[in-house]
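# Structural characterization, general
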Amino acid sequence: MKRIPALDSLRGLLLVLMTINHLIWLSGGRSLLQYFTLQPLGQFGAAEGFVMISGLLAGAVYSRTELSDREATGKVLRRAFTIYKYHMVSLLLVMVWFSYCAFALPTVAQSLGSSFNNLGEAPLITIALSALLINKPDYLEILPLYVIFMLILPIALYAFRRGLMWLVLATSVGVWAVSTQIEASLLSSLFETNIQVGYFDPFAWQLLFIGGAAIGFSNAKGNLRWYHPAVATVSLALAALLFAAHHGAFLSMGIHQGVLYSFADKPELGWLRMLNLMVWVYLVATVIRKWPSALVFRPLSYIGKNSLQVFTWHAVLIYFTAPFLSETVLSGYFTLLVLLLTATLWMSSWLQECRKQAGKTLIPVTALASVFVVVLSSSLISKQPKEVPTFAQGESYPLTIKITDIRVEEAGVVVLVYSETDNLMGGAPTAHANHYTSDEAREGITLEALPSGFYGIMAYQDVDGNNTLSFGANGIPSEGFGFSNNPAPQGPPSMALIKFAHHEAQDQTIHLLNLY
């Protein structure tokens, strides 16, 4: 199959967006970049587009008429094994890094979240289940999904070639429809250990890959008659409507992010997310059809055509740099650091290009290794134990708490201040607990005389008025929430992650996470 530069550019763009988002999330930071990288066009993001394009290209590449069923299956399985090897390399590197931090640098391990907690609890079975693609740590889930989908691709291609595409698509849609009924948590009880099944439900996300493969197959065979001006017009109107709703144009009608997300669940690939993605896929395809070079941007194509190697590099990069970035989240140069680290994607693509030419790997390997040495050194230095502050007995100081990123104006904000010895998991805070309006929380709440000591703060928007943080069926909070130190927890945070020393008058700003 002849390369399509526009698709390479799109894959490159999606890789950049994912890398920026993951660098920010794993380090617990915030950046204006997220207005452009985190679902800027509607209720879908970079991962959905990446999986669909992967399916589209796979369906086109392995459906060539000169390939027999056996030959196509052999090529698909070899590609799946290649993807698997890259995933295992990134997984083992991150596991070694996490294990070293857990034993030698526990403060560094805290900044890596809960991604590998089961590695310390049951190392052998965790490694074994990870090798079997059953255990999938945070941010290391896309390649395992890709391997699984590639393993079922030969069956789909076999059916496509025999005119049974309708049956494959009907089965795929049926599995997607019942995916919410499949309890992945059953795996933990089956293996009697804590298993991270991954953020994305493979039974739902297979629809993206299989749907993309069907499009790629039909287009390669020349029997896909997809374009019609009326359909393009309707797609444009739908895209504009969903874009407006996504950016708050209908808040007066009660249509906010919470309502939209209830129909656009990301892990389960809600129907609104699928619809929103498909209208943009149609519009992008229309642009490529009419103006083939319009979406071509050579710097993005350069990394897009080496997407496997670049994605693998990104997976390692975000974990190795998280400790360093977590120390700079409140600095003015945090965004610049994220951009500089993202720029190393081009270096990894350059390494792959040079690897194809014998004898030209030394310079890029040395350059890439140098980046790691600098970043790791900075990470370890920045996480050295700091001097524990001393507290004057009986002294009290004012604490001002400000809440930002409040999404639902009419909903109040609950602010909870925990003492260091309080129980975060269900225990009542002993220092402070109160309900405030959005304006009060945004302007700042001042506790005039808080005794010196260590404290942790939790804040959340009480949208449904039940005086507790509510969760959706997928286990993700359905209301905005945040903690002191602004971590990006992958589960309930520990006091060590959110506590701060209070021994002088100070301000604490909490950025709410709106994951719904």
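Nothing here was measured: the structure is a model prediction, and the numbers come from that model. (Residues numbered from 1 in each chain as written. Predicted model: local features only at pLDDT ≥ 70, side-chain atom pairs only at ≥ 80, totals over all residues. Heavy atoms only, no water.)

## Quick notes on the pattern of salt bridges
Heads up, the condition is: For this analysis, a salt bridge means a side-chain nitrogen from Lys or Arg found within 4 Å of a carboxyl oxygen belonging to Asp or Glu. Numbered from the N terminus, helices here are DSSP runs of H or I no shorter than four residues, and strands are runs of E no shorter than two. Here's how the labels work: a residue is buried when its accessible area is under 20% of the maximum for its type, exposed when over 50%, partly exposed in between, all with a 1.4 Å probe on protein chains only.
Taken as a whole and judged by the stated rule, the model has eight salt bridges. Here Arg161 makes a salt bridge to Asp69, at a shortest N to O gap of 2.9 Å. Of this pair, Arg161 sits in helix α8 (residues 142-161) while Asp69 sits in helix α4 (residues 69-104), placing them 92 residues apart in sequence. Judged by its relative accessible area of 27%, Arg161 is partly exposed. Given a relative accessible area of 25%, Asp69 falls into the partly exposed group. Across the pair Glu409 and Arg442 runs a salt bridge whose closest N-O atoms are separated by 2.6 Å. Taken together, the residues span a long stretch of sequence, with Glu409 in the loop between β1 (396-404) and β2 (412-419) and Arg442 in helix α20 (residues 438-443) at a distance of 33 residues. Assessed through its relative accessible area of 44%, Glu409 is described here as partly exposed. Since its relative accessible area comes to 34%, Arg442 is described here as partly exposed. Each of Asp69, Arg161 and Arg162 takes part in salt bridges that share partners, so that together they form one network.

## A short note on the nonpolar core
For soluble globular proteins, nonpolar side chains are generally found buried alongside one another. For the record, the criterion: Only buried Ala, Val, Leu, Ile, Met, Phe, Trp, Tyr and Cys residues count toward a nonpolar core, and they belong to the same one when joined by side-chain atoms within 4.5 Å. A contact between two residues is defined here by any heavy atoms of the two lying within 4.5 Å.
Counting 85 residues, the largest nonpolar core has Met150, Leu153, Phe160, Trp205 and Phe209 as its most contacted members. Beyond its immediate stretch of four places on either side in the chain, Phe209 contacts Val51, Ser54, Gly55, Ala58, Tyr146, Phe149, Met150 and Leu153. Listed in part, the 18 residues of the second largest apolar core include Ile401, Ile445, Leu450 and Ile457.

## Regarding helix α14 (residues 271-290)
Basically, it comes down to this: Multiplying one less than the number of residues by 1.5 Å gives the expected span of a helix.
When the terminal C-alpha atoms of α14 are compared, their 29 Å separation across 20 residues agrees well with the 28 Å that a helix rising 1.5 Å per residue should span. All of the buried residues in α14 are Leu272, Arg273, Met274, Asn276, Leu277, Val279, Tyr282, Leu283, Thr286 and Ile288. Buried residues along α14 sit in contact with α1 (5-27), α3 (46-61), α11 (202-221), α12 (229-246) and α13 (257-263).

## Digging into the sheet that holds β1
Counted only if it meets this: Note on pairing: DSSP must find at least two bridges between two strands before they are called paired. All axes here are fitted lines through C-alpha atoms, helices being fitted over the stretch that makes contact, and every angle between N-to-C directions spans 0 to 180 degrees.
The strand order across the open sheet formed by three strands is β4-β1-β8, and the pairing between neighbours is mixed. The open sheet is flanked by β4 (445-451) and β8 (506-511), the only strands paired with a single partner. Within the sheet, the average angular offset between the axes of one strand and its neighbour, ignoring direction, is 30 degrees. As judged from the five bridges shared by β1 and β4, these two strands associate in the antiparallel manner. Each bridged residue has a counterpart across the sheet, and for Leu399 the counterpart in β4 is Leu447.

## Focus: helix α7 (residues 123-131)
As a reminder of what qualifies: By arc we mean the arc of the directions from the helix axis to the C-beta atoms, nothing more.
Of all the positions in α7, only Thr126, Leu129 and Ser130 are classed as buried. The arc that holds the buried residues of α7, viewed along the axis, is 100 degrees, so those residues lie on one side. At the exit of α7 stands Leu133, carrying a positive phi of roughly 65 degrees.

## Quick look at unusual backbone geometry
Backbone geometry follows two general trends: most residues other than glycine have a negative phi, and most peptide bonds adopt the trans configuration. Even without a glycine there, the phi angle at Gln39 is positive, about 50 degrees. When you line up the elements, Gln39 lands in the loop between α2 (34-37) and α3. A residue is classified by how much of its surface remains accessible, and Gln39, at 15% relative accessible area, is buried. The backbone phi angle of Leu269 is positive, close to 55 degrees, even though this residue is not glycine. For Leu269, a relative accessible area of 1% translates into the label buried.

## With respect to the packing of α1 against α3
For any two helices packed against each other, one specifies the inter-axial angle together with the distance between the axes. Rules: Each crossing is labelled by how the near helix is turned from the far one, with a counterclockwise turn of less than a right angle marking it left-handed and a clockwise turn marking it right-handed. Here the term charged refers only to Asp, Glu, Lys and Arg, the term nonpolar to Ala, Val, Leu, Ile, Met, Phe, Trp, Tyr, Cys and Pro, and the term polar to all other amino acids, Gly among them.
Relative orientation of the contacting elements α1 and α3 amounts to 150 degrees, with a least axis distance of 9 Å. Handedness of the α1/α3 crossing: left-handed. Between α1, through Leu7, Leu10, Arg11, Leu14, Leu15, Leu17 and Met18, and α3, the contact on the second element is made entirely by Ala46, Ala47, Gly49, Phe50, Ile53, Leu56 and Leu57. Grouping the amino acids of the contact of α1 with α3 by side-chain chemistry returns twelve nonpolar, one polar and one charged.

## A few points about the side chain of Ser218
Here is the rule: Here a polar contact is taken to be a pair of N or O atoms separated by no more than 3.5 Å, where protein atoms must pair a possible hydrogen donor with a possible acceptor and residues adjacent in sequence count only if both atoms sit in side chains.
Of note, Ser218 is situated in helix α11. Given the relative accessible area of 9%, Ser218 is considered buried. A distance of 3.0 Å separates a polar side-chain atom of Ser218 from the backbone oxygen of Ala214. When neighbours within four sequence positions are excluded, Ser218 is seen to be in contact with Met165, Asn223 and Leu224.

## Digging into the pairing of β2
Counting buried residues in β2 gives eight out of eight residues, a clear majority hidden from the surface. Of the two faces of β2, the one holding Gly412, Val414, Leu416 and Tyr418 and the one holding Val413, Val415, Val417 and Ser419 are both buried throughout. Pairing of β2 with strand β5 (residues 453-462), which is carried by eight bridges, proceeds in the antiparallel orientation. Directly across from Val415, in β5, lies its bridge partner Ala459.

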